[in-house]
Structure formats: C-alpha cells, structure tokens
Amino acid sequence: MNDIIIKEVVFSHPINKVWNAISKAEEISTWFIKADFKAEKGYKYTFTASEDRGCITINGEVKTANPYTLAYTWVVQDTNVVTTVTWILETVENGTKLYLEHSGISNYEGDTAIKMFESFSGGWTNCMNELKNYLAKKVYAR
C-alpha cells in the first residue's frame, strides 16, 4: 500500500499570501476547517469539521514552522493513529508552488489504512481546490 499522499499545485499568488492561508487560524477556518492553530513548534492544535462534514475533530502538534515549511501530526477523532502533514512552499516564476505530503497512513490497521488513504487523498484534492478559490477571492477582493 502506498503510504504517502502527495499533492503539488502552483498558485499565481505571492508566497506570503499562500503561507498565511495555510498557517493562520482565521484563514484556515475560512477555506478549510474551523481551526485553533498557530504555526509555532510545539503548539497543540485542533481542527473541527462542521456538522455537514460529519462533525469530526482532528488534533495534533506542530513539529516544524519555519518560513514556508509547516509540518504537524494529524490524529483523527476516535483513533490513536498518528500521521504527519507537511506543507512546503517555494517561489516559482509565476507565483508559488505548494507541495503537500500526508504520510504515515499505513499506521492504520488493515483495510482501514486503505480507506483512510482514499479518504485523505480525495480530501486533500478538495482542499487544494478550496485553497485556490480562497486565494483568488482574497487577492481580487481588495
């Protein structure tokens, strides 16, 4: 089983705009999920999905929060399985390249690992689309 989900997207926005969207609680809460989050190493965060998304909670701890690299553990409600989400941003000619990696999914047992991999993969694809829409609205709605 593949253990790592990778998503790469190039946004036509400056790196600081993308960084703020993935690292500031108020912005994360707008495009992704309600967040109690700080991009500070050691910060114990909570993401809470709305009722229409099944009202799940995700907890974890920020492991890395350097300029343009953010990594945190990811523990889904009612599990004790720890996976890791890493975001890396890079300035490119036409904007910002975002690299997202979600690893450790094989820490789930048996068929659950396959189901979680499929769920996370689809979820991150949706998140990239939501982030793209959010950045477009934020940049052009000045």
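Reference entry: report on the structure contained in this document. (Residues numbered from 1 in each chain as written. Predicted model: local features only at pLDDT ≥ 70, side-chain atom pairs only at ≥ 80, totals over all residues. Heavy atoms only, no water.)

## Regarding the pattern of salt bridges
This is how the line gets drawn: A carboxyl oxygen of Asp or Glu within 4 Å of a side-chain nitrogen of Lys or Arg is what we treat as a salt bridge. The helix and strand labels rest on DSSP assignments: H or I over at least four residues marks a helix, E over at least two residues marks a strand, and numbering proceeds from the N terminus. We call a residue buried when its accessible area falls under 20% of the maximum for its residue type, exposed when it is over 50%, and partly exposed in between, using a 1.4 Å probe and counting protein chains only.
Following the criterion strictly, the structure yields three salt bridges and no others. Note that Glu8 and Lys97 form a salt bridge whose closest N and O atoms lie 3.2 Å from each other. Pair noted here: Glu8 is in strand 1 (residues 4-11) and Lys97 is in strand 7 (residues 95-103), with a separation of 89 residues, a long-range link. Owing to a relative accessible area of 27%, Lys97 belongs among the partly exposed residues under this scheme. Across the pair Glu61 and Lys63 runs a salt bridge, and its minimum N-O distance is 3.9 Å. Accessibility expressed as a relative area gives 23% for Glu61, which makes it partly exposed. Under the relative-accessibility criterion, Lys63 is labelled partly exposed at 39%.

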